[in-house]
Amino acid sequence: MITSILETIGNTPLITIPNSNRANEGQVLFKYERFNPGGSIKDRAAIHIINEAERRGLLKPGGTIIESSSGNFGISLAMIGAAKGYRVIILIDPKTTSANLALLKCFGAEVIVVTEKDDCGSYHKTRISLANKLAMEIDNAFRPDQCFNLMNSEAHYQSTAREIMGDCSNKLKVFITAVSTGGQLGGISRYLKTFAPEVQVIGVDAVGSSIFGGHADSYRIPGIGLGWTPVNLNMEYVDCAYKITDEQAFVTARAFARNEGILMGPSSGACALVALKVAQELTPQDRIVCMISDGGERYIQTLFNDEWMQQQGFATNADFETIRTMARQLQPWSMCPASSANYRSDLTQSLEVPDSTLRMNLEVEGRRYTRQVSSMYID
Ligand SMILES: Cc1ncc(COP(=O)(O)O)c(C=O)c1O
C-alpha cells in the first residue's frame, strides 16, 4: 500500500508516438511527467530538496516554505507542504496562468503576485529578491531556491536520468529538454555525459531568453528561459541548443493533442518540435527521448483557448504536416553552447542567495567530487 501521495513521485512512463513517428526516421519517445502527482516534473526537485532540508534540520515542524515560481515548482511545493503540514508562500508573476494560481490555492498555499519586471524584461530577479527578503523576515522559513540550489539538478541526476537510461539503454541517441533553472537539463546531461557520453544532449530555450546567450526580451512560453545561465547547468555537457518562438511552441503542443491524444504545455511543445526535427535526420534504430515536463490541463484557458491564441496572433489550425515542415526548417541556435554561456556569479550577492542554499551546494559539490574520483578509480 502507498502510505503518502508523495511516494508516487517519479517512475513516469516513456511513451512512443506512433502517429507522429515515421518508419524511416529516428523514433521519438516522450518522458511524460504529467503522471507525477503534482502534474509536472517539478515534483522531483521539490521533494528532493524538501527531504534534504528536513534531514539537515533546515526545515523544521511548523516551518514555512517560501519560493519564487512561475507555477509548476510552486504547485509541487504546495502539494508537498499540504502533505507534510508546512505553511507555503509562493511568489508568482503575471505570466502565471489562472489554472496554476487556482491549483496553488487548492493546496492551501499563500500566493504573492510580483508585477515588477527585472532588467532582463522578466520577473525572475524581482521574484527571487523578494522571496529571499521574506525568508529573512519570517521565523523558521526555508527557501528551496530552485534557481541557485544544486540539489535541483541532483534530483534529476538521481531519478529522471536513471529512469531514462533504465528504459532506453544503448539505443538512446539524443536527449532533449527545455531549460529554465537548469535542473532537468543540468542533472540529466551530467548523468548522460558520465555514463553514456555518446548520447547527444540538446537544450531548448525560448527566443527572448538568454541562457544560451543572445538578446533578452519578453516571451510567452511559461516555465522556460532565464536572463542568465543557471548554476545548475554545466554547459560543457550540452552539445546543441535551439531557441523556439512562442507561436512555434504553442501550435506544436496543440497539434500533439490532436495527433497523439497527448496533452502537454508550451515548453514541451517547444521540445517536441525539436524532437521532430532531430528525428528527420536519424535512422529508425535511433531513439530520441524528449521530456514532456507537464500536461495540458493547466493551459486550457491559454494554449487550448482559440480566442486567446488569436489574441496573441498565433495560428489555431496548424495540422501535423505543417508542424513537420516547421520542424524541418528549424536551425540550431548554437552547436557549442559552452562558448555562449552567460553565468552571473555576481547574482549570489546581489540577490542575497540564502546561507542554507550555499551550505547545501557545498555538500553537493563535495559529493560530486567524491563521485568523480570513485568513477575514475573504477575505470
Ligand atoms: C513546464 C516546464 N517546462 C520546463 C521547465 C524547465 O525546467 P528546469 O527549471 O528544470 O530547467 C519548467 C520549469 O519551471 C517547467 O515548469
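Residues numbered from 1 in each chain as written. Predicted model: local features only at pLDDT ≥ 70, side-chain atom pairs only at ≥ 80, totals over all residues. Heavy atoms only, no water.

An unreviewed UniProt entry lists the protein chain under the name Cysteine synthase, from Paenibacillus sedimenti. Listed under Pathway (unreviewed entry) in UniProt, the entry text for the protein chain is "Amino-acid biosynthesis; L-cysteine biosynthesis; L-cysteine from L-serine: step 2/2." Per UniProt, the protein chain carries the Sequence similarities (unreviewed entry) text "Belongs to the cysteine synthase/cystathionine beta-synthase family." (UniProt positions renumbered as here; feature names shortened; annotations may be inferred.)

(A) Quick peek at the UniProt feature "domain: Tryptophan synthase beta chain-like PALP" (unreviewed entry) in the protein chain. Following the UniProt record, one finds the feature "domain: Tryptophan synthase beta chain-like PALP" (unreviewed entry) at residues 6–294. The distance from the first to the last C-alpha atom of residues 6–294 is 17 Å, and the span holds 38% helix and 18% strand. (Helix = DSSP H or I, 4+ residues; strand = E, 2+ residues; numbered from the N terminus.)

(B) The site of the ligand, seen in detail. The full set close to the ligand counts 13 residues, and Lys 42, Asn 72, Ser 180, Thr 181 and Ser 267 are the nearest of them. The backbone of Gly 182 places a nitrogen or oxygen atom 2.9 Å from an oxygen atom of the ligand. In the environment of the ligand, an oxygen atom lies 3.0 Å from a nitrogen or oxygen atom belonging to the backbone of Gln 184. Within the complex, the protein chains bury 96% of what would otherwise be the 390 Å² of accessible surface of the ligand. (Near = heavy atom within 4 Å. Polar contact = N/O pair within 3.5 Å; in protein donor to acceptor, adjacent residues only side chain to side chain. Areas by Shrake-Rupley, 256 points an atom, 1.4 Å probe, with all protein chains shown as cover.)

(C) Seen up close, the sheet that holds strand β3 (residues 64–68). An order of β5-β4-β3-β6 is seen for the four strands of this open sheet, with the pairing classed as parallel. Pairing within the sheet leaves two strands with one partner each, and these edge strands are β5 (110–113) and β6 (141–142). With five bridges connecting them, β3 and strand β4 (residues 87–92) associate as parallel partners. The residue bridging Ile 65 from the neighbouring strand is Val 88, located in β4. Seen against the sheet, helix α4 (residues 124–137) touches β3, β4, β5 and β6 and runs at an angle of roughly 165° to β3. (Pairing = 2+ DSSP bridges. Contact = heavy atoms within 4.5 Å. Axes fitted to C-alpha atoms, helices over the stretch in contact; angles between N-to-C directions.)

(D) Local environment of the state of the cysteines. Taken as a whole and judged by the stated rule, the model has zero disulfides. Free cysteine Cys 271: the closest other cysteine sulfur is in Cys 290, separated by 5.0 Å. (Disulfide = S-S within 2.5 Å.)

(E) Structural detail: the domain arrangement of the protein chain. Annotation of the protein chain at the domain level lists domain 1 (5–35 + 161–338) and domain 2 (42–146). Once you take the C-alpha centre of each, domain 1 and domain 2 turn out to be 25 Å apart. Facing 27 residues of domain 1, the contacting portion of domain 2 comprises 24 residues. Between domain 1 and domain 2, roughly 1,900 Å² of surface is buried when both sides are summed, and carbon and sulfur atoms account for 58% of that area. Contact with domain 2 buries surface across domain 1, with Leu 6, Ile 9 and Arg 298 losing the most and accounting together for 34% of the total. (Domains from an automatic or database assignment. Buried area = accessible area lost by both parts, 1.4 Å probe.)

(F) Representation of the nonpolar core within the structure. Grouped together as the largest cluster of nonpolar side chains are 47 residues, with contacts concentrated most on Phe 30, Ile 176, Ile 244, Val 274 and Ile 288. The element that contributes the greatest number of residues to this core is helix α9 (residues 266–280), accounting for nine residues. When residues no more than four places from it in sequence are discounted, the contact partners of Ile 288 are Gly 26, Gln 27, Val 28, Leu 29, Val 174, Ile 176, Ala 275, Val 278, Ala 279 and Leu 282. Core analysis: the next-biggest nonpolar cluster, separate from the first, contains 33 residues, Leu 29, Tyr 157, Ala 161 and Tyr 191 among them. (Core = buried A, V, L, I, M, F, W, Y, C linked by side-chain atoms within 4.5 Å. Buried < 20%, exposed > 50% of the residue type's maximum accessible area, 1.4 Å probe, protein only.)

(G) Up close: the packing of helix α1 (residues 42–55) against helix α5 (residues 151–158). Following both chains from N to C, one finds α1 and α5 inclined at 115°, their axes separated by 8 Å at the closest point. It follows from the interaxial angle that α1 and α5 lie roughly perpendicular. As α1 packs across α5, the resulting crossing turns out to be right-handed. Contact residues: α1 offers Arg 44, Ala 45, His 48, Ile 49 and Glu 52, while α5 offers Met 151, Asn 152, Glu 154, Ala 155, His 156 and Gln 158. Of the residues contributing to the contact of α1 with α5, the split by class is four nonpolar, four polar and three charged. (Parallel < 35°, antiparallel > 145°, perpendicular 65-115°, else oblique. Left-handed = near helix turned anticlockwise from the far one by under 90°. Nonpolar A, V, L, I, M, F, W, Y, C, P; charged D, E, K, R; others polar.)

(H) Looking closely at the packing of α1 against helix α2 (residues 72–84). Running from amino to carboxyl end, α1 crosses α2 at an angle of 50°, the nearest separation of the two axes being 8 Å. Taken together, the axis directions place α1 and α2 in an arrangement best described as oblique. The crossing of α1 and α2 is right-handed. Packed against α1, whose contacting residues are Lys 42, Asp 43, Ala 45, Ala 46, Ile 47, Ile 49, Ile 50, Asn 51 and Glu 54, the element α2 presents Asn 72, Phe 73, Ser 76, Leu 77, Met 79, Ile 80 and Lys 84 at the interface. Among the residues forming the contact of α1 with α2, the class breakdown is nine nonpolar, three polar and four charged.

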